[in-house]
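# Per-entry structural report
One letter stands for each residue in the lines below.
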Amino acid sequence: MYLGVMDGIELLHLGRRLVKIAEAAIPANASFHALPVSVRAVMIDVFEHPGTSIQEIIQRTGYPQSHVSASVTRLREGGVFITTTDPKDRRRTLVRASPDVPARAQRFSVPVDDAVAAAVGAGNAAEVLAALETLARHLGG
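Values in this document were obtained by computation on a predicted structure and should not be read as measured data.

The next point concerns the sheet that holds strand E3 (residues 93-97). Taking strand neighbours across the sheet as the criterion, the three strands line up as E1-E3-E2 in an open arrangement whose pairing is antiparallel. The open sheet has two edge strands, strand E1 (52-53) and strand E2 (81-85), and neither has a second partner. In this structure, E1 lies alongside E3, joined through two bridges in antiparallel fashion. In the strand pairing of E3, Ser53 is matched with Leu94.

Shown next, in the form of structure tokens:
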């Protein structure tokens, strides 16, 4: 049980470390690694929320409209996204994954066990994985 007091900076550092572990779990040959982290965040958000609007992506990611729009354009031009005009509000653009992007790539569903063990040591991996499961249960989407 954690009894210390974690501040926002410590939590931010922990979050960044967890992102690095997650990235290490994704195969190196995935084009995912060639994208800037902020573009990856937009991509993952759209994969998790298909048919979403630019404004909704902005709200969930916290990135400015200019960055989200540029990322969506980049990923659309790369064949990752398809954009359409919202039939209910023609001013809105809706974004979803291209059917050419396999469902397995959209989930990046790869085991993290080895990456966690490499980061914390094999002897600590089970405890850390259990803690991650707890976090996912409470904070996962």
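Let us now look at the packing of aromatic side chains. Inspection of every chain in the model, using the stated rule, returns one aromatic pair. Taking 6.3 Å as the distance between ring centres and 85 degrees as the angle between the ring planes, the aromatic pair formed by Phe47 and Phe81 counts as edge-to-face. Residue Phe47 is located in helix H2 (residues 37-48), and its partner Phe81 is located in strand E2; the two are separated by 34 residues in the primary sequence. On the basis of relative accessible area, Phe47 is assigned to the buried category, the value being 11%. Judged by its relative accessible area of 2%, Phe81 is buried.

Two elements in contact, helix H3 (residues 54-61) and helix H4 (residues 65-77), have axes separated by 9 Å at closest approach and are oriented at 120 degrees. When you trace H3 past H4, the crossing you get is right-handed. Here Ile54, Ile57, Ile58 and Thr61 of H3 come into contact with H4, specifically with Gln65, Val68, Ser69 and Val72. In terms of residue class, the contact of H3 with H4 is made up of five nonpolar, three polar and no charged.

As defined by bridge partners, E2 adjoins E3 across five bridges and the pair is classed as antiparallel. Counterpart to Ile82 in the pairing with E3 is Arg96.

A word on the pattern of salt bridges. Under the criterion given, the structure shown has four salt bridges. Note that Glu23 and Arg40 form a salt bridge whose closest N and O atoms lie 2.3 Å from each other. Separated by 17 residues along the polypeptide, Glu23 in helix H1 (residues 8-25) and Arg40 in helix H2 bring together distant segments of the chain. For the residue pair Glu23 and Arg40, the accessibility class agrees, reading buried in each case. Here Arg60 and Asp45 are joined by a salt bridge, their closest N and O atoms 2.7 Å apart. Here Arg60, found in helix H3, pairs with Asp45, found in helix H2; they are 15 residues apart in sequence, far enough to count as distant. On the basis of relative accessibility, which here comes to 37%, the residue Arg60 falls in the partly exposed class. A relative accessible area of 7% places Asp45 in the buried class.

Reading the values: rules and limits
- Residues numbered from 1 in each chain as written.
- Predicted model: local features only at pLDDT ≥ 70, side-chain atom pairs only at ≥ 80, totals over all residues.
- Heavy atoms only, no water.
- Pairing = 2+ DSSP bridges.
- Helix = DSSP H or I, 4+ residues; strand = E, 2+ residues; numbered from the N terminus.
- Phe/Tyr/Trp six-rings, centres within 6.5 Å; stacked < 30°, edge-to-face > 60°.
- Buried < 20%, exposed > 50% of the residue type's maximum accessible area, 1.4 Å probe, protein only.
- Axes fitted to C-alpha atoms, helices over the stretch in contact; angles between N-to-C directions.
- Left-handed = near helix turned anticlockwise from the far one by under 90°.
- Contact = heavy atoms within 4.5 Å.
- Nonpolar A, V, L, I, M, F, W, Y, C, P; charged D, E, K, R; others polar.
- Salt bridge = Lys/Arg side-chain N within 4 Å of Asp/Glu carboxyl O.

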